[in-house]
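Listed below, chain by chain, are the residues.
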Amino acid sequence: YRVLSEPARLRLLALAAEEELGIGERAELLGESQPNVSRHAATLKGLGLLTVRREGTRAFVRVSGNALADAVVGDALESGRALVRADGSLARVAGVVREREASAREFFSRPRERERVDGVDETVLAYVATLSTLLPARGLAVDAGTGDGGLLDVLAPSFDRVVAIDRSPAQLEAARARVAQRGFRNVELLAGELGDPAVSERLAGKADVVFAARILHHAPRPGDLVRRLAELCRPAGDALGGALLVLDYAAHDDEAMRDEADVWLGFEAHELVSFARAAGLEGARVSPVPAALRGHGKDAHLAWQVLVARRGVARASAARTPPEGPSAAPALSDTKKKKKGTRAASPKH
């Protein structure tokens, strides 16, 4: 009761129950100094009311799951919510989360020099097309956050139809040049974000495979991004449901990657599985990507991994917050970065 008698702690507790936020983000919302917020957070953590997750040099705080079962804590949360609603900080949480991707939006909106796209031996594309005949269903593939379209070199020969989505005009222009040079006639480029009505109406529940290569670490709420990707997958019927493949970095501590508009420093395998399960996907598994396949870019030194999961018969459903890991991203993170040497495949980062 002594600890919870401080209004600043009640406000901090309420915000921690609403969203997993960094200490700096909470200081901005509360109008307090970071040292003051850290001190209050340490006090609440000492009582087991808060859990602190560290990622590189940043610390993210959320309410401990065990604490929520306590009636006293429940009363404190209600009091705290009343305070943050009254001072407007609760309403500003969504804006703080959106700010996480501001650097990514700016990064990908920069005009880019058009690079040659002859880095792939055309005979390799023939091999890809041959292997694709083994796929159980290859009617439609979706490339979410296509960037400059590097993954299209694999998808176009493999699927009857490919829809490549990106919200950055600069990236789509680069992808359009690739499509034209390759002569791909089965590729459609779509400007927009996951969750846009136009995107959902055209693609929801229709894709045999959805690819998301090196975009999850740009997402303010990665779990929510996985949910939106899952909604594009075809539900299971007589055949297997559509598959989601997420290629991204394993958890790391290279803070320099934030200069590449990375919001998160990779993910633990169990976090990816948690996101998939919360999205209603089945059979989720995570596999490492061999180092020899990471190219020579700025992210080649990181460990890469791929999440594979399928949509079941039931409609994929969203969980407000995944059980573990970074809180999940309503918007499609701005495309994979221009091939950094080529954090996953093709020129996507």
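For the structure, check the block above.
Residues numbered from 1 in each chain as written. Predicted model: local features only at pLDDT ≥ 70, side-chain atom pairs only at ≥ 80, totals over all residues. Heavy atoms only, no water.

(A) View of the packing of helix 2 (residues 23-30) against helix 3 (residues 34-46). It is at 9 Å that the axes of helix 2 and helix 3 come closest, and there the two elements cross at 110 degrees. With respect to their mutual orientation, helix 2 and helix 3 come out roughly perpendicular. Contact residues: Ile23, Gly24, Arg26, Ala27 and Leu30 in helix 2; Gln34, Val37, Ser38 and Ala41 in helix 3. Taken together, the residues of the contact of helix 2 with helix 3 break down into five nonpolar, three polar and one charged. (Axes fitted to C-alpha atoms, helices over the stretch in contact; angles between N-to-C directions. Helix = DSSP H or I, 4+ residues; strand = E, 2+ residues; numbered from the N terminus. Parallel < 35°, antiparallel > 145°, perpendicular 65-115°, else oblique. Contact = heavy atoms within 4.5 Å. Nonpolar A, V, L, I, M, F, W, Y, C, P; charged D, E, K, R; others polar.)

(B) A look at the pattern of salt bridges. Applying the stated rule across the entire model yields 25 salt bridges. Residue glutamate 25 is joined to arginine 100 by a salt bridge in which the shortest nitrogen-to-oxygen separation is 3.0 Å. With glutamate 25 in helix 2 and arginine 100 in the loop between helix 5 (93-99) and helix 6 (102-109), this pair connects stretches of sequence that are 75 residues apart. Like arginine 100, glutamate 25 is buried. (Salt bridge = Lys/Arg side-chain N within 4 Å of Asp/Glu carboxyl O. Buried < 20%, exposed > 50% of the residue type's maximum accessible area, 1.4 Å probe, protein only.)

(C) View of unusual backbone geometry. If you check the backbone angles, arginine 214 has positive phi at about 55 degrees while not being a glycine. Within the secondary structure, arginine 214 sits in the loop between strand 7 (209-213) and helix 11 (222-232). The exposure class assigned to arginine 214 is buried, which follows from its relative accessible area of 0%. In the Ramachandran plot, alanine 261 falls in the positive-phi region, its phi being about 70 degrees despite a non-glycine side chain. Position of alanine 261 among the secondary structure elements: in the loop between strand 8 (243-249) and helix 12 (269-278).

(D) Spotlight on the side chain of glutamate 193. Summarising the element assignment, glutamate 193 is placed in the loop between strand 6 (187-191) and helix 10 (197-203). Looking at glutamate 193, the relative accessible area reads 16%, which means it is buried. A polar side-chain atom of glutamate 193 sits 3.4 Å from a polar atom in the side chain of arginine 167. (Polar contact = N/O pair within 3.5 Å; in protein donor to acceptor, adjacent residues only side chain to side chain.)

(E) The sheet that holds strand 9 (residues 281-289), seen in detail. In space, the seven strands of this open sheet follow the order 6-5-4-7-8-10-9, with mixed pairing throughout. In the strand order of this sheet, the two ends are held by strand 6 and strand 9, each with one partner. For this sheet the average axis-to-axis angle between neighbouring strands, irrespective of direction, equals 15 degrees. Strands strand 4 (140-144), strand 7, strand 8, strand 9 and strand 10 (304-311) of the sheet are contacted by helix 11, whose axis makes an angle of about 150 degrees with strand 8. Across the sheet, helix 12 touches strand 9 and strand 10, and the angle it forms with strand 9 is around 155 degrees. (Pairing = 2+ DSSP bridges.)

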